[in-house]
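Fold and geometry: a report
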Amino acid sequence: MCPSTPRLSWAKALLIAIAVAGSPAAAVSPAETVLSAVNSARAKAGCQPLRLNARLTAAANAHAAAMAEQNFFGHAGKDGSRFASRIKRQGYSYRSAAENIAAGQRTALQAVQGWLKSAGHRRNMLNCRMTETGIAVVYQADDRPIRGNSAPLRYYWVQVFAAPG
């Protein structure tokens, strides 16, 4: 060791290791987790992996935020919008498109597992014609229960699928 190089104590080295391991660069986002799990299911079904698309992600995020902020859960927005219009609003042109939504699941894997158990959502995920996706989750800490629920949902998940046109 060079005499001018400061020596780290084991405690400082441990703190640095913890800081690096816990840094945002080392963390995997919920969207990356969804993408990985969906692409794993697609591979087993013989489909090519989906690629993230920024415009589809913006459409997914807009709908997840609307559900969280306006306290509803559904494919139709309170403004009457459907996923097709939300995708077009972002300037994305497509041949075919679909949307999965979920609410209340705390983790990305719980959301994906729920979608895989639903025939319609599973069909969207495993549609080999779809090549691009947008994924969003919005957490609403001060969420209120929506009609029919005794507890707030807090987590709103949206995944949009498309084949560019």
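Coordinates for the structure precede this section.
So, how was this worked out
Residues numbered from 1 in each chain as written. Predicted model: local features only at pLDDT ≥ 70, side-chain atom pairs only at ≥ 80, totals over all residues. Heavy atoms only, no water. Core = buried A, V, L, I, M, F, W, Y, C linked by side-chain atoms within 4.5 Å. Buried < 20%, exposed > 50% of the residue type's maximum accessible area, 1.4 Å probe, protein only. Helix = DSSP H or I, 4+ residues; strand = E, 2+ residues; numbered from the N terminus. Contact = heavy atoms within 4.5 Å. Pairing = 2+ DSSP bridges. Axes fitted to C-alpha atoms, helices over the stretch in contact; angles between N-to-C directions. Expected span 1.5 Å × (residues − 1). Polar contact = N/O pair within 3.5 Å; in protein donor to acceptor, adjacent residues only side chain to side chain. Salt bridge = Lys/Arg side-chain N within 4 Å of Asp/Glu carboxyl O.

Here the focus is the nonpolar core. Counting 22 residues, the largest nonpolar core has Leu56, Met67, Ile87, Tyr156, Val158 and Val160 as the members making the most contacts within it. When contributions to this core are tallied by element, the ones reaching two or more residues are helix H3 (54-70), strand E2 (94-103), strand E3 (132-139) and strand E4 (155-164). Per-element accounting of this core gives the leading share, eight residues, to H3. In contact with Met67, not counting residues within four places along its chain, are Phe72, Phe73, Gly74, Ile101, Tyr156, Trp157 and Val158.

The subject of this paragraph is the pairing of E3. For E3, the tally of buried residues reaches six of eight residues, placing the bulk of the element in the interior. The sheet contact formed by strand E1 (residues 51-52) and E3 spans two bridges and is parallel. Looking at the pairing, Leu52 lines up with Thr133 of E3. As judged from the eight bridges shared by E3 and E4, these two strands associate in the antiparallel manner. Paired with Val137 across the strands is Trp157, a residue of E4.

The next subject is the pairing of E2. Counting buried residues in E2 gives seven out of 10 residues, a clear majority hidden from the surface. Summarising the sheet, E2 and E4 pair through nine bridges and their orientation is antiparallel. In the sheet register, Ser96 faces E4, and the bridge partner there is Ala163.

Reading across from one edge, E1-E3-E4-E2 is the order of the four strands in this open sheet, with mixed pairing throughout. Unpaired on one side and paired on the other, E1 and E2 mark the two borders of the sheet. Packed on one face of the sheet, helix H2 (residues 30-44) meets E1, E3 and E4 and runs near 135 degrees to E3.

We now examine H3. The end-to-end C-alpha distance of H3, which contains 17 residues, comes to 24 Å, matching closely the 24 Å that a straight helix rising 1.5 Å per residue would cover. Turning to H3, its buried residues are Leu56, Ala59, Ala60, His63, Ala64, Ala65, Ala66, Met67 and Ala68. Where H3 is buried, its residues touch helix H4 (83-89), E2, E3 and E4. For H3, the capping residue at the N-terminal end is Asn53, with a side-chain oxygen 2.8 Å from the backbone nitrogen of Arg55. With its phi angle positive at about 60 degrees, Asn71 sits one or two positions after the end of H3.

The next point concerns the pattern of salt bridges. Across all of its chains, the model carries three salt bridges by this definition. For Asp79, the salt bridge goes to Arg89, with nearest N and O atoms at 3.9 Å. Residue Asp79 is found in the loop between H3 and H4, and its partner Arg89 is found in helix H4; the two are separated by 10 residues along the sequence. Looking at Asp79, the relative accessible area reads 56%, which means it is exposed. On the basis of relative accessible area, Arg89 is assigned to the exposed category, the value being 53%. Between Arg86 and Glu99 there is a salt bridge, with the nearest N and O atoms lying 2.9 Å from each other. Of this pair, Arg86 sits in helix H4 while Glu99 is found in strand E2, placing the two residues 13 residues apart along the sequence. Accessibility assignment for this pair places Arg86 and Glu99 in one class, buried.

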